[in-house]
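Now for the letters of each chain:
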Amino acid sequence: MKILVVMTAKATLHLLDGEQHPSGFWAEEFVVPYTLFTAAGHTVDVATIGGEAPTVDRTSIDPAFLRWVRPEGSPDEDAANAAEYVRVIESIPQLKNPISLESLDEKDIADYDGIYVSGGHGAIGDLPKSDELAQILRWALAQDKPLATVCHGHTALLALRDGEGRWPFEGYRMTAFSHSEELVTNMAGRLPLILEAELTRLGARYEKAEAIWDSHVVVDRKLTTGQNPYSSKALAETFLRQLAKG
């Protein structure tokens, strides 16, 4: 099978107070699914807006931050995970020279078995603003392709509309990075949008884990969504099962 992985190319996020906050893609949300997809024998292509090389959010490869989020974990495990994320990221040539989303047409999308949108706060800055990405996702929906998004990757869905101007995911059950989780970040109150609120406003039946940072995955029809970075493994495994169903 062939999977298209869409990523943010933004290295910073423009906050409401004017700060250009260092950002990018979240390491775990790319590395864990990518590793599982390739281990299953699938071909994976990476694409960004403009074909720009994506930037990893440095916080996502900082063992001290990983330790802060999950204090019940092991410091050695956090350090090992961070080192593995860096190793995998540095080993993938496509991250240095990704496909330009603008170069893909309807026939190209037909060649993919599914599309996965990786996350990171950087996604807020470019994914919902791309007409080309919206068109790619419309083609994927028309071709009944399985789609998966995690955390802030859901921003790719916000601009989609059907021929009648309706959001095609209205009424879908889905999850995404929660408002509760946003409130414990250092960008609380300064983000351009709150994903939980935006999805709910558009008509999603939003749900989340009982506790922040817990893994939570939702499947509704051909859409698989994950709540946060710690949902990446379960999301990827669920998406692989969706792909196997066709």
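These numbers come from a predicted model, not from an experiment.

Describe the nonpolar core, and please don't skip the residues or the numbers.
Core analysis: the largest hydrophobic core is formed by 40 residues, its most contacted members being Ile109, Ile115, Trp167 and Phe169. Residue assignment for this core shows that the elements contributing at least two residues are strand E1 (2-6), strand E6 (114-117), helix H5 (123-126), helix H6 (131-142) and helix H8 (195-202). The element that contributes the greatest number of residues to this core is H6, accounting for six residues. With residues up to four places along the chain from it excluded, the contact list for tryptophan 167 reads Leu157, Leu158, Leu160, Arg161, Met174, Leu199, Leu202, Gly203 and Ala204. Of all hydrophobic cores here, the second largest spans 33 residues; its members include Ile3, Val56, Tyr116 and Ala236.

Pulling in residues and values, what's your account of the sheet that holds strand E5 (residues 99-100)?
Sheet architecture is open: seven strands sit in the order E5-E4-E1-E6-E7-E11-E10, paired in mixed fashion. Single-partner strands in this sheet number two, and they are E5 and strand E10 (217-220). Pairing of E6 with strand E7 (residues 147-150), which is carried by three bridges, proceeds in the parallel orientation. Each bridged residue has a counterpart across the sheet, and for tyrosine 116 the counterpart in E7 is alanine 148. Relative to strand E4 (residues 43-48), helix H1 (residues 27-39) is tilted by about 150°, and along the sheet it contacts E1, E4, E6 and E7.

Would you mind going over H8 in detail, with residue names and values included?
Among all positions in H8, only Leu195, Glu196, Leu199 and Leu202 are buried. Projected onto a plane normal to the axis of H8, the buried residues spread over an arc of 135° and lie on a single side. Just downstream of H8 lies glycine 203, where phi reads positive at about 115°.

Go over the packing of H1 against helix H3 (residues 75-91) with me, naming the residues and quoting the values.
Contact geometry of H1 with H3 gives a least axis separation of 10 Å together with a crossing angle of 70°. Considering the angle they form, H1 stands roughly perpendicular to H3. Handedness of the crossing formed by H1 with H3: left-handed. Residues Ala27, Glu28, Val31, Val32 and Thr35 of H1 form the contact with H3, whose own contacting residues are Tyr85, Val88 and Ile89. Of the residues belonging to the contact of H1 with H3, the class tally is six nonpolar, one polar and one charged.

Quick one: what's the story with the packing of aromatic side chains, residue by residue and with numbers?
Following the criterion strictly, the structure yields 10 aromatic pairs and no others. Ring geometry for phenylalanine 169 versus tyrosine 172: centroids 5.1 Å apart, planes at 85°, classification edge-to-face. Of the two residues, phenylalanine 169 and tyrosine 172, both sit in the buried class. With a centroid separation of 6.4 Å and 85° between ring planes, the pair formed by tryptophan 213 and tyrosine 230 is classed as edge-to-face. Taken together, the residues tryptophan 213 in the loop between strand E9 (205-206) and E10 and tyrosine 230 in the loop between strand E11 (223-226) and helix H9 (232-245) connect sequence positions 17 residues apart. Linked through ring pairs, Phe25, Phe30 and Tyr34 together constitute an aromatic cluster. It is lysine 2 that lies over the ring of tyrosine 112; its NZ or CZ is 4.8 Å from the centre. The ring of tyrosine 172 is capped by arginine 221, whose NZ or CZ atom sits 3.7 Å from the centre of that ring.

Account for the pattern of salt bridges, with residues named and values stated.
Oppositely charged side chains can pair when the atoms bearing their charge come close. Applying the stated criterion across every chain, the model contains nine salt bridges. Note that glutamate 84 is salt-bridged to arginine 87, the shortest N-O span being 2.8 Å. Here glutamate 84 and its partner arginine 87 are both found in helix H3, three residues apart, which amounts to about one turn of the helix. Of the residues examined, glutamate 84 reaches a relative accessible area of 34% and is grouped as partly exposed. For the salt bridge of aspartate 220 with arginine 221, the shortest nitrogen-to-oxygen distance reads 2.7 Å.

About the cut-offs
- Residues numbered from 1 in each chain as written.
- Predicted model: local features only at pLDDT ≥ 70, side-chain atom pairs only at ≥ 80, totals over all residues.
- Heavy atoms only, no water.
- Core = buried A, V, L, I, M, F, W, Y, C linked by side-chain atoms within 4.5 Å.
- Buried < 20%, exposed > 50% of the residue type's maximum accessible area, 1.4 Å probe, protein only.
- Helix = DSSP H or I, 4+ residues; strand = E, 2+ residues; numbered from the N terminus.
- Contact = heavy atoms within 4.5 Å.
- Pairing = 2+ DSSP bridges.
- Axes fitted to C-alpha atoms, helices over the stretch in contact; angles between N-to-C directions.
- Arc of directions from axis to C-beta.
- Parallel < 35°, antiparallel > 145°, perpendicular 65-115°, else oblique.
- Left-handed = near helix turned anticlockwise from the far one by under 90°.
- Nonpolar A, V, L, I, M, F, W, Y, C, P; charged D, E, K, R; others polar.
- Phe/Tyr/Trp six-rings, centres within 6.5 Å; stacked < 30°, edge-to-face > 60°.
- Lys NZ or Arg CZ within 6 Å of the ring centre and 35° of its normal.
- Salt bridge = Lys/Arg side-chain N within 4 Å of Asp/Glu carboxyl O.

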